[in-house]
Amino acid sequence: MAPDPLISLEGACKDYKFVKALCDVTLEVYPGEFLIIMGPSGSGKSTLLHMIGLLDIPTHGSLKIEGRRVPRDEDKRADLRLKFMGYVFQDFGLMSSLNVLDNIILPSSLAGRPQRERAKDIARQLGIEHRLHHQITEISGGEKQRVAIARALINNPKLIMADEPTGNLDSKTGHKVLTILRELADQGKTVVTVTHNPEHLVFADRVVYLRDGQIQQVRQIKRVAKARKAPGKA
Ligand code: ADP
């Protein structure tokens with residue numbers, strides 16, 4: 001039996017004054033799945049990603065998280081985002097006035113529970129523990145992206161949302177970032193990302209192709225690696 005969806009969109013549209021950015025999108029996103037959104041520029045990828053990440057709500061249709069309708073009220077949505085979501089942005093979005101450790105801790109401080117030890121644990125898992133006391137200007141692009149992922153994980157979110165997470169990285173470093181996101185999905189996190197790179201599809205479970213604000217195709221990806229791993233898993 002399929003698990004209950006984490007996020008469900010039904011007939012979701014996003015209308016601007018002159019543009020329909022999304023039109024009649026129905027999609028369910030499940031716990032532990034790695035979903036990639038693809039499509040040409042202007043097809044609605046960011047708009048859909050922002051809805052899944054509760055940064056935006058549909059002008060028509062419904063958006064639900066764990067079966068409950070997402071409130072229009074911005075403060076209530078901000079609370080849900082702190083509880084459920086971690087964001088990884090293409091430009092990393094790190095605070096240059098803070099060192100690596102304080103950047104990772106930041107969302108937990110905003111949630112009222114600064115998590116110093118957890119930040120160190122996550123940094124260790126992502127191989128950046130030796131950089132914790134460095135300034136953001138002193139680390140490489142790949143390390144910045146790992147700091148961004150660590151920061152996204154600090155509040156133990158159910159969903160990691162990554163907007164072109166490898167866009168500013170060379171292909172080898174980008175590959176490592178996708179590997180980390182894949183591992184997070186294997187550990188039960190939901191990962192949703194936008195990419196233009198078809199080579200990234202091997203990391204995903206499903207890909208949604210958008211065109212002119214509509215879903216053109218949803219494709220399930222058969223992953224040999226996952227099938228191989230399954231027997232060893234609890
Ligand atoms: P993509 O991420 O695939 O490039 P977007 O989701 O950013 O596409 O945009 C989809 C469409 O909505 C585009 O035509 C874009 O110009 C339009 N759009 C996005 N944001 C706004 C906005 N704030 N106001 C008006 N039009 C917008």
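Before any of the text, the structure's been laid out above.
The residue numbers shown here count from 1 along each chain, following its written sequence. Note on the predicted model: pLDDT of at least 70 is required for a residue's local features to be given, and 80 or more for side-chain atom pairs to be given and counted; whole-chain, interface and lining totals, by contrast, use all residues. Computation of side-chain values covers all heavy atoms of the structure but excludes hydrogens and water.

A. Region of interest: the pattern of salt bridges. Should a side-chain nitrogen of Lys or Arg be within 4 Å of a carboxyl oxygen of Asp or Glu, the pair is scored as a salt bridge. Taken as a whole and judged by the stated rule, the model has twelve salt bridges. One salt bridge connects Glu74 with Arg77, and the closest N-O pair in it is separated by 3.2 Å. Of the two residues, Glu74 and Arg77 are both situated in helix α2 (residues 74-84); the distance of three residues between them amounts to about one turn of the helix. Exposure remark for Glu74: the relative accessible area of 39% places this residue in the partly exposed category. Strands are runs of DSSP state E lasting at least 2 residues, helices are runs of H or I lasting at least 4, and numbering of each runs from the N terminus. Only protein chains enter the calculation, and the probe is 1.4 Å; a residue is then buried if its accessible area is under 20% of its type maximum, exposed if over 50%, and partly exposed in between.

B. Structural detail: the pairing of strand β6 (residues 85-88). Going residue by residue along β6, you find Met85 and Tyr87 tucked away on one face and Gly86 and Val88 tucked away on the opposite face as well. Bridge analysis of β6 against strand β7 (residues 159-163) gives four bridges, and the strand direction is parallel. For Tyr87, the partnering residue across the bridge sits in β7 and is Met161. When DSSP locates at least two bridges between a pair of strands, those strands are taken to pair.

C. Inspection of the packing of aromatic side chains at higher detail. When two rings of Phe, Tyr or Trp (its six-membered ring) have centres within 6.5 Å they constitute a pair, described as stacked for plane angles under 30 degrees, edge-to-face for angles over 60, and tilted for the intermediate range. Enumeration over the complete set of coordinates arrives at one aromatic pair. For the ring pair Tyr87 and Phe89, a centre distance of 6.0 Å and an interplane angle of 10 degrees mean the geometry is stacked. The class of Tyr87 is buried, set by a relative accessible area of 14%.

D. A look at the site of the ligand. Every residue near the ligand is listed here: Tyr16, Val19, Ala21, Pro40, Ser41, Gly42, Ser43, Gly44, Lys45, Ser46 and Thr47. Any N or O atom pair separated by 3.5 Å or less is treated as a polar contact, with the protein-specific requirement of one donor-capable and one acceptor-capable atom, and with residues adjacent in sequence counted only for side-chain atom pairs. Here Gly42 contributes a backbone N or O atom positioned 2.7 Å from an oxygen atom of the ligand. Contact distances for the ligand include 3.1 Å between an oxygen atom and a backbone N or O atom of Ser43. For the ligand, whose unbound accessible area comes to 560 Å², protein coverage reaches 59%. No other element matches the three residues that helix α1 (residues 45-52) contributes to the shell around the ligand. Three residue categories are used. Nonpolar comprises Ala, Val, Leu, Ile, Met, Phe, Trp, Tyr, Cys and Pro, charged comprises Asp, Glu, Lys and Arg, and polar comprises the others, including Gly. A breakdown of the residues in the shell around the ligand according to their chemical character gives four nonpolar, six polar and one charged. Nearness of a residue to a molecule or strand requires only that one of the residue's heavy atoms be within 4 Å of it. Surface accessibility in these figures is a Shrake-Rupley result with a 1.4 Å probe; residues are shielded only by whichever protein chains are displayed.

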